[in-house]
Every structure is written in C-alpha cells, then in structure tokens.
Amino acid sequence: MLTLVLLLIFLIIVGLLWFQGLWNNAITLINTTLAAIVALNYFETVSKLIDKQQPSYTYMWDFLALWGLFALTFGLLRLATDMLSRRRVVFEFWTEMVGRSVLAIWVAWIFIGFTCVTMHTAPLNAHPMGFQKSYNSGNFLGMSPGKQWLGFMQSRSTGALSGGSGGEFDANSEFVLKYYQRRVDFESEEEYRVSR
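All values reported here derive from a predicted model rather than from experimental measurement.

A. Inspection of the packing of aromatic side chains at higher detail. Enumeration over the complete set of coordinates arrives at 12 aromatic pairs. Judged by centre distance (5.1 Å) and plane angle (80°), the ring pair of Trp-67 and Phe-114 falls under edge-to-face. Taken as a pair, Trp-67 in helix 3 (residues 58-84) and Phe-114 in helix 4 (residues 93-121) lie far apart in primary sequence, 47 residues in all. Measuring from centroid to centroid gives 4.7 Å for Phe-70 and Phe-114, while their planes differ by 25°, and the two rings are stacked. Of the two residues, Phe-70 is situated in helix 3 and Phe-114 in helix 4; the sequence distance between them amounts to 44 residues. Phe-70 gets classed as buried once you look at its relative accessible area, which sits at 8%. What links up through ring pairs into an aromatic cluster is the set Trp-67, Phe-70, Phe-74, Phe-111 and Phe-114. The positively charged end of Arg-100 is found above the aromatic ring belonging to Trp-18, 4.6 Å away from the centroid.

Dropping the structure here:
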C-alpha cells in the first residue's frame, strides 16, 4: 500500500514539475535539497525545544518539526530565488525537453526520499502500511530512497561540514533503529497523548 502511495506522489510531482520547465526545475532541485538538509539537521533540536513546552505530545514533535522546517526553509528559499531570478532562461528545444524531464524525476526522487525518512519519525505503529517490515527491508519498489537520503546526509556531514566537533549526522547509523523503537513504544501507548 505504501509503495502505491509513494509512486502516486512521485508521478504527480514529476508531472507537475515537467510543465514548469528546465530553469524552474533546476531552482526547485536546489531549494528542495537544501530544505531537506536543513530540516534533517535541525529537527531534533526544534522538537526538543517544543517538547519542553508540551511534553504530552512527545511522539509527534519530531515529525512535525521535520515537515515544518522543510516547508519553512523551502518557502523562504523559493521566495528568495523567485526574487533573484525573475526571468526564465530559454534553452534549445532538446536541452529543454531532456533537462526538464531529468530534473523533474530528480526532484521527485529527493522528495520521496525525504518523505520516507519522515515516515521513521511519524507517530504511527511500528509498520504503518507495510513500512519497514524489517531493519533491512526496502520500500518504494525495493529501492529504499529513505536510506539513500540518510546515507547522503551522513556523507555530507563529514569533513568540512561536520562543524569540527563530531557534528556528523547519524554518526553511528542509529536513526532507523532509534525511530523504529520509538514507533514500537508509541504503539504500546494506550492513548495518543503521553501522560507525564
């Protein structure tokens, strides 16, 4: 079931972006990638701050912080890039057709990868819609775009982008296991709210 939902989202994004053209898709690719990077880097910090204020919804804050940061960052980046790039660049016909197709697929793939990562943090049962039946199981036709995105995030946060003091994202590759255990814990709760 989840594969069908993700495939439908993927096809809708590709279809919508294809009509936007190569130039717009190049800008959208950069904005989507940066927004997802920012969201994954800061969502735990934001969710901890919110959890201090409203601890009874602790299972929900990670998911909401991820999507909130993504939407906010993407919106701000889109606003800035639209203001900086008011004129659409015109390309030769075949460059335009091939480029808009490739970039539409690329943006949709990044979005599906980010969506799969957010599924780990969602306040759902341990295996919502067949998601992550085992630790190594792939989703979305076995291609695991979420794990690919986590790997990308981990690789980009090493070296110069690590912040110098062990700031590597998911340094011990525990993200999937940590949030799987949280979903298991959430599933055992009697009601949606956590009593504290």
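B. Quick look at the nonpolar core. With 34 residues, the main nonpolar core has Leu-40, Phe-43, Phe-114, Trp-149 and Phe-175 as its most contacted residues. Contributions of two or more residues to this core are made by helix 1 (2-18), helix 2 (22-53), helix 3, helix 4, helix 5 (145-156) and helix 6 (175-188). Among the elements that make up this core, the one with the highest residue count is helix 4 (10 residues). When near neighbours in sequence (up to four residues on either side) are disregarded, Phe-43 contacts Asp-62, Ala-65, Leu-66, Leu-69, Thr-121, Phe-175 and Tyr-179.

C. Up close: the pattern of salt bridges. A full pass over the atoms with the stated rule returns 4 salt bridges. A salt bridge links Asp-82 to Arg-78, with the nearest nitrogen and oxygen atoms 3.3 Å apart. Pair noted here: Asp-82 and Arg-78 are both in helix 3, with a separation of 4 residues, about one helical turn. According to the relative accessible area criterion, Arg-78 is buried, its value standing at 16%. Here Glu-96 makes a salt bridge to Arg-88, at a shortest N to O gap of 3.9 Å.

D. Region of the structure containing the packing of helix 2 against helix 3. Between helix 2 and helix 3, the shortest axis-to-axis distance is 6 Å and the interhelical angle comes to 145°. Read as a crossing pair, helix 2 and helix 3 show a hand that is right-handed. Residue composition of the contact of helix 2 with helix 3, by class: 18 nonpolar, 8 polar and 4 charged.

E. Quick peek at the environment of Asn-125. By the element assignment, Asn-125 lies in the loop between helix 4 and helix 5. For Asn-125, a relative accessible area of 35% gives the class partly exposed. Remark: the alpha-carbon pair of Asn-125 and Tyr-180, spanning 55 residues in sequence, is separated by 9.2 Å. With near-sequence residues (within four places) excluded, Asn-125 lies in contact with Arg-183 and Glu-187.

F. The packing of helix 3 against helix 6, seen in detail. Contact geometry for helix 3 and helix 6: axes closest at 10 Å, N-to-C directions at 135°. What the angle tells us is that helix 3 and helix 6 run oblique. When you trace helix 3 past helix 6, the crossing you get is left-handed. Contacts between helix 3 and helix 6 pair Thr-58, Tyr-59 and Asp-62 from the former with Tyr-179, Arg-182, Asp-185 and Phe-186 from the latter. Here the contact of helix 3 with helix 6 is built from residues that sort into 3 nonpolar, 1 polar and 3 charged.

So, how was this worked out
- Residues numbered from 1 in each chain as written.
- Predicted model: local features only at pLDDT ≥ 70, side-chain atom pairs only at ≥ 80, totals over all residues.
- Heavy atoms only, no water.
- Phe/Tyr/Trp six-rings, centres within 6.5 Å; stacked < 30°, edge-to-face > 60°.
- Helix = DSSP H or I, 4+ residues; strand = E, 2+ residues; numbered from the N terminus.
- Buried < 20%, exposed > 50% of the residue type's maximum accessible area, 1.4 Å probe, protein only.
- Lys NZ or Arg CZ within 6 Å of the ring centre and 35° of its normal.
- Core = buried A, V, L, I, M, F, W, Y, C linked by side-chain atoms within 4.5 Å.
- Contact = heavy atoms within 4.5 Å.
- Salt bridge = Lys/Arg side-chain N within 4 Å of Asp/Glu carboxyl O.
- Axes fitted to C-alpha atoms, helices over the stretch in contact; angles between N-to-C directions.
- Left-handed = near helix turned anticlockwise from the far one by under 90°.
- Nonpolar A, V, L, I, M, F, W, Y, C, P; charged D, E, K, R; others polar.
- Parallel < 35°, antiparallel > 145°, perpendicular 65-115°, else oblique.

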